Amino acid sequence: MTTVDQAIADQGLTLPEVITGYVGGESVPVESNANQHAVTFPGTGEQIASLQEDDAAAVANAVACARNSFESGEWSNASTAARQAVFRRAANLIRAHATELALLECLCAGLPSSHLASRQVPRAADNLDFFADYIGVMAGETFEQMSGYQTTVTRQPAGVAALFAPWNAPLALASMQIASSLAFGNTCVLKPSEYTPLSILRMVKLLEEAGLPAGTIGVINGSGAVTGAALASSFDIDRIAFTGGGATARQVMAAASEHLTPVHFELGGKSANIVFDDANFERALDGSLVNIFSNSGQICIAGSRILVQRGIAERFMTAFVARTRSLTIGDPLDPTTEVGPMAFKAHQLRILDHIARATNEGATLLCGGKAPTNLGSGYFIAPTVFQVESNNLSLCQEEVFGPVVSIQIFDDADEALSLANDSRFGLVGYCWTNSLAHAQAFQRQVDAGTLWINTPLARDLRAPFGGFKESGIGRDGPRQAADFFTEEKATISALGNPPIRKLGQLSD
Ligand code: NDP
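J.: Got a minute to help me understand the overall build of the chain in this structure?
T.: A tally of helices and strands in the chain yields 16 helices and 23 strands. Taking 508 residues into account, the globule formula puts the C-alpha radius of gyration at 23 Å, and the chain, at 25 Å, falls close to it. Overall, the C-alpha framework of the chain stretches about 90 × 60 × 40 Å when taken along its three principal axes. In the chain, buried positions account for 56% of the 508 residues. Long-range pairs, those at least 24 residues apart, make up 74% of the contacts in the chain between residues at least 6 apart in sequence. Total accessible area on the chain stands at roughly 20,900 Å², and carbon and sulfur atoms take up 51% of it. Computed over 34 positive and 51 negative side-chain charges, the inter-centroid distance for the chain is 4 Å.

Dropping the structure here:
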């Protein structure tokens with residue numbers, strides 16, 4: 001029995017031989033002539049299931065089902081209290097099934113299971129609880145400044161949302177898309193990445209177990225080029241929320257333009273992690289490691305460009321490389337693993353290509369730089385640190401999306417901030433300093449949607465999240481989701497009988 005079989009047996013699970021979509025509260029039947037993709041465990045490369053691809057007709061069926069569900073009013077007209085109750089029950093079910101969900105996500109994405117169970121799965125539950133709370137307190141607007149009239153602004157759900165989730169944090173990110181759209185009464189069709197279908201499918205079933213009417217969420221499976229493209233170009237969707245890479249986002253936007261479907265994009269980053277001489281050294285070191293090696297480096301908010309001030313540069317680089325060499329890399333099912341494999345083979349090869357280009361362009365390799373040879377056939381990359389002299393290297397300009405970081409030395413705050421902004425991305429930024437002036441300059445001048453000062457990766461769901469420049473369009477967040485997933489309606493009512501101009505009554 002492999003460790004994968006053992007882990008599945010320990011949870012009392014049986015994986016389907018063929019994973020299919022889930023539409024109208026039922027699994028899509030297996031079709032003998034449908035295209036199939038292998039779903040593999042990144043820790044070993046072994047196939048764990050096949051994924052049946054939904055073609056354009058199957059996607060159209062899922063969209064039609066979500067439309068019917070929307071129009072039935074079962075969810076779109078449900079009371080706020082009813083929606084809150086479903087979200088809260090679902091959040092509790094997700095917490096109760098945390099180990100199972102973490103295993104399903106680990107099997108497909110290869111992320112360390114202990115991190116999944118302790119952070120990412122609870123985050124999915126938190127997203128639902130957060131939106132349950134928010135819809136309980138959100139309010140419309142009333143304007144009474146216009147004499148004789150009262151204007152009220154109300155919202156109604158936009159309709160059917162198409163949701164595209166990536167493979168790097170399937171539950172945490174898909175749950176945000178689901179909570180943000182369903183909270184306001186929309187229905188949706190969700191396309192997980194073809195590499196990571198299992199955990200999302202289970203979460204959707206838990207939502208139904210919690211009372212979500214069947215058909216409110218449809219899940220379609222398959223490659224982006226076939227299934228994703230069919231969903232993005234569907235004429236009968238009202239909103240598109242997409243989390244993924246910029247190249248795909250451009251294709252989705254082109255498809256959406258055909259029907260003028262509004263889009264919300266959460267895209268990539270190449271974020272600066274600035275360490276000033278006056279920082280608390282140990283905190284800056286700990287945080288900088290977390291910022292690049294969390295999620296095995298496959299995270300949009302990675303602090304993948306470390307900028308360190310000259311006075312502490314040698315000490316910082318020596319300590320950073322020593323800690324990087326000591327990271328526990330290996331089987332993601334092992335609870336002690338800190339860095340797991342990359343999610344799929346092509347991604348591992350893409351990262352090795354980035355590493356080769358960095359070396360050819362003159363970056364100095366300090367550690368890592370290859371696929372380890374002692375970890376079998378999993379898709380591993382040794383945690384890699386480069387020192388660079390220039391921010392123009394492809395390593396500093398392109399998102400690697402793996403455990404690979406550059407370190408560049410700077411002399412003063414102006415130089416650090418200008419290097420931080422020298423990027424087509426603008427997702428997040430990190431700054432480590434005990435100087436108020438440095439922190440304030442960073443806060444004012446860095447072009448990024450979220451900034452962290454003296455802390456890694458803390459997320460406040462009340463605050464907007466999203467990117468400047470090519471890191472996205474729109475923001476996650478409660479009010480922001482309400483703005484995107486609802487249509488606002490202004491109603492102007494006469495108070496009493498304000499005068500009406502009399503047309504067609506010619507006066508003498
Ligand atoms: P992709 O852009 O490759 O894919 C995202 C989703 O879109 C997947 O479900 C994919 O399906 C699908 N897709 C692919 N091609 C098409 C198409 N032509 N039409 C419609 N849908 C399509 O991104 P990744 O999955 O590689 O995710 C990594 C990227 O996501 C990184 O750039 C990362 O920075 C970004 N990201 C951004 C976050 C943010 O909040 N800003 C958070 C997390 C990740 P399939 O995989 O089956 O091909």
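That was the structure; now back to the text.
J.: Quick question: what am I supposed to make of the layout of surface pockets here?
T.: If you roll a probe as big as a water molecule over the atoms, it shows you where there is empty space left. Size it by volume and the second largest pocket reaches roughly 360 Å³. As for the second largest pocket, its lining consists of 19 residues, of which Met138, Ala139, Arg155, Phe184 and Thr486 are closest to the centre. Among the secondary structure elements, those contributing two or more residues to the lining of the second largest pocket are α3 (80-96), α5 (113-137), β7 (149-157) and β23 (486-494). The element best represented in the lining of the second largest pocket is β7, accounting for 5 residues. When the residues that make up the lining of the second largest pocket are grouped by side-chain class, the tally is 8 nonpolar, 6 polar and 5 charged.

J.: Is there a simple way to explain helix α16 (residues 478-485) in this structure?
T.: Each α-helix turn comprises 3.6 residues. Residues three or four places apart therefore point the same way. Burial within α16 is extensive, with 6 of its 8 residues counted as buried. Among all positions in α16, only Pro478, Gln480, Ala481, Ala482, Phe484 and Phe485 are buried.

J.: Is there a simple way to explain the domain arrangement of the chain in this structure?
T.: Reports often express the size of an interface as the amount of accessible area lost when the parts come together. Examined at the domain level, the chain breaks down into domain 1 (3-267) and domain 2 (272-453). Each of domain 1 and domain 2 has a C-alpha centre, and the two are 31 Å apart. Contact residues are listed per partner, giving 25 residues for domain 1 and 25 residues for domain 2. Taking both sides of the interface into account, the surface hidden between domain 1 and domain 2 amounts to around 1,900 Å²; carbon and sulfur atoms contribute 59%. Three residues stand out in domain 1 for area buried against domain 2, namely Pro42, Pro112 and Trp167, and they jointly supply 27% of the buried area on that side. Connecting domain 1 to domain 2 are 0 salt bridges.

J.: For this particular structure, what's the right way to read the environment of Thr20?
T.: Note on placement: Thr20 falls in the loop between β1 (18-19) and β2 (22-23). Note: C-alpha distance between Thr20 and Asn221 (201 residues apart in sequence) is 6.6 Å. Excluding its chain neighbours within four sequence positions, the residues that come into contact with Thr20 are Ser27, Val28, Pro29, Val30, Gln52, Leu201 and Asn221. Of the polar contacts made by the side chain of Thr20, one reaches the backbone oxygen of Val28; its length is 2.6 Å.

J.: Is there a simple way to explain the sheet that holds β1 in this structure?
T.: Sheets are built from strands that pair by backbone hydrogen bonding, the pairs being arranged parallel or antiparallel. One open sheet holds the 3 strands; their spatial order is β1-β5-β4, and the pairing between them is mixed. Since the sheet does not close on itself, it has two edges, and those belong to β1 and β4 (36-40), each with one partner. Pairing analysis gives 2 bridges linking β1 to strand β5 (residues 47-52), with the strands arranged parallel. Looking at β5, one finds that Ile19 is bridged to Leu51.

J.: Teacher, can you tell me more about the site of the ligand here?
T.: The ligand sits among 30 residues. The nearest are Glu194, Gly245, Thr248, Leu267 and Glu399. One nitrogen or oxygen atom from the side chain of Lys191 is found 3.0 Å from an oxygen atom belonging to the ligand. Note that an oxygen atom of the ligand is positioned 2.9 Å from one of the side-chain N or O atoms of Ser193. Relative to its free-state accessible area of 900 Å², the ligand is covered by the protein chains to the extent of 90%. Elements represented by at least two residues in the shell around the ligand include exactly α8 (224-232), β11 (239-243) and α9 (246-257). Residues belonging to the shell around the ligand are distributed by class as follows: 14 nonpolar, 12 polar and 4 charged. Two domains each put at least three residues into the shell around the ligand: domain 1 (3-267) and domain 2 (272-453).

J.: Help me understand the packing of helix α14 (residues 413-421) against helix α15 (residues 436-445), please; the structure alone is not making it clear to me.
T.: Packed helices, taken two at a time, are described by the angle their axes make and the gap between the axes. The geometry of α14 relative to α15 is characterised by a closest axis approach of 11 Å and an angle of 30° between their N-to-C directions. Here α14 is positioned roughly parallel relative to α15, judged by the angle of their axes. In this structure, α14 meets α15 at a crossing whose hand is right-handed. Where α14 approaches α15, its residues Ala413, Leu417 and Asn421 are matched on the opposing element by His438, Ala441, Phe442 and Gln445. Class assignment for the residues of the contact of α14 with α15 results in 4 nonpolar, 3 polar and no charged.

J.: Hey, could you run me through α9 in this one?
T.: End to end, α9 covers 16 Å across 12 residues, agreeing with the expected 16 Å (1.5 Å per residue, within 8%). Burial in α9 covers these residues: Ala249, Val252, Ala255 and Ala256. Buried positions in α9, seen along its axis, are confined to an arc of 125° and lie on one side of it. Away from the buried face of α9 by more than 90 degrees, exposed residues Ala247, Arg250 and Gln251 are located.

J.: I would appreciate a short explanation of the pattern of salt bridges in the present structure.
T.: In total, this model carries 16 salt bridges according to the counting rule given. For Glu470, the salt bridge identified is with Arg424, shortest N-O distance 3.0 Å. Within this pair, whereas Glu470 is found in the loop between β21 (468-469) and β22 (472-473), its partner Arg424 is found in the loop between α14 and β18 (425-426), the two being separated by 46 residues in sequence. The exposure class of Arg424 is partly exposed, given its relative accessible area of 38%. The residue Arg462 makes a salt bridge to Asp460 at a minimum N-O spacing of 2.9 Å.

About the cut-offs
- In this convention, every chain numbers its residues from 1, walking through the sequence in written order.
- Per-residue local features are limited, in this predicted model, to residues with pLDDT of at least 70; the limit for side-chain atom pairs, both in listing and counting, is 80 or more; totals at the level of whole chains, interfaces and linings are taken over all residues.
- Hydrogens and water molecules were not included; the side-chain quantities draw on all heavy atoms of the structure.
- Strands here are runs of E lasting at least two residues and helices are runs of H or I lasting at least four, both read from the DSSP assignment and numbered beginning at the N terminus.
- Radius of gyration: over C-alpha atoms. The globule rule applied is 2.2 Å multiplied by the number of residues raised to the 0.38 power.
- When accessible area is computed with a 1.4 Å probe and restricted to protein chains, residues below 20% of their type maximum are described as buried, those above 50% as exposed, and intermediate ones as partly exposed.
- Note on contacts: a residue pair qualifies if any of its non-hydrogen atoms lie within 4.5 Å across the two residues.
- Surface exposure here means Shrake-Rupley accessible area, sampled with a 1.4 Å probe, where a residue is shielded only by the protein chains that are shown.
- Positive charge is attributed to Lys and Arg, negative charge to Asp and Glu, and no charge count is given to His or to the chain ends.
- For this purpose, a charge sits on NZ of Lys, CZ of Arg, CG of Asp or CD of Glu.
- Residues are called lining when one of their atoms sits within 4 Å of a cavity or pocket point, these points coming from a 1 Å grid over the protein atoms alone, where a cavity is a set in which a 1.4 Å probe fits but cannot get out and a pocket is an open set with protein on both sides within 12 Å along at least five of seven lines.
- Grid points are joined across faces, edges and corners, and a volume is the space filled by probe spheres set on the points.
- Only Asp, Glu, Lys and Arg are considered charged, only Ala, Val, Leu, Ile, Met, Phe, Trp, Tyr, Cys and Pro nonpolar, and every remaining residue, Gly among them, polar.
- What fixes the domain bounds is an automatic or database domain assignment.
- Here's the idea: put two parts together, see how much 1.4 Å probe accessible area each one loses, and the total over both is what we call buried area.
- Salt bridge, as applied in this entry: a Lys or Arg side-chain nitrogen positioned within 4 Å of an Asp or Glu carboxyl oxygen.
- In the analysis that follows, any N or O atom pair within 3.5 Å is treated as a polar contact, provided that within protein one partner can donate a hydrogen and the other can accept it, and provided that, for residues neighboring in sequence, both atoms belong to side chains.
- Here, a strand pair is defined by DSSP locating no fewer than two bridges between the strands.
- If even one non-hydrogen atom of a residue comes within 4 Å of a molecule or strand, that residue is called near it.
- Every axis in this analysis is a line fitted to C-alpha atoms, fitted for helices over the stretch in contact. Angles between the N-to-C directions lie between 0 and 180 degrees.
- Each angle receives one of four descriptions, namely roughly parallel if under 35 degrees, roughly antiparallel if over 145, roughly perpendicular if within 65 to 115, and oblique otherwise.
- Each helix crossing is assigned a hand: it is left-handed if the near helix lies turned anticlockwise from the far helix by less than a right angle, otherwise right-handed if that turn is clockwise.
- A helix's residues, less one, multiplied by 1.5 Å, set its expected span.
- The arc in question is the one traced by the directions running from the helix axis out to the C-beta atoms.

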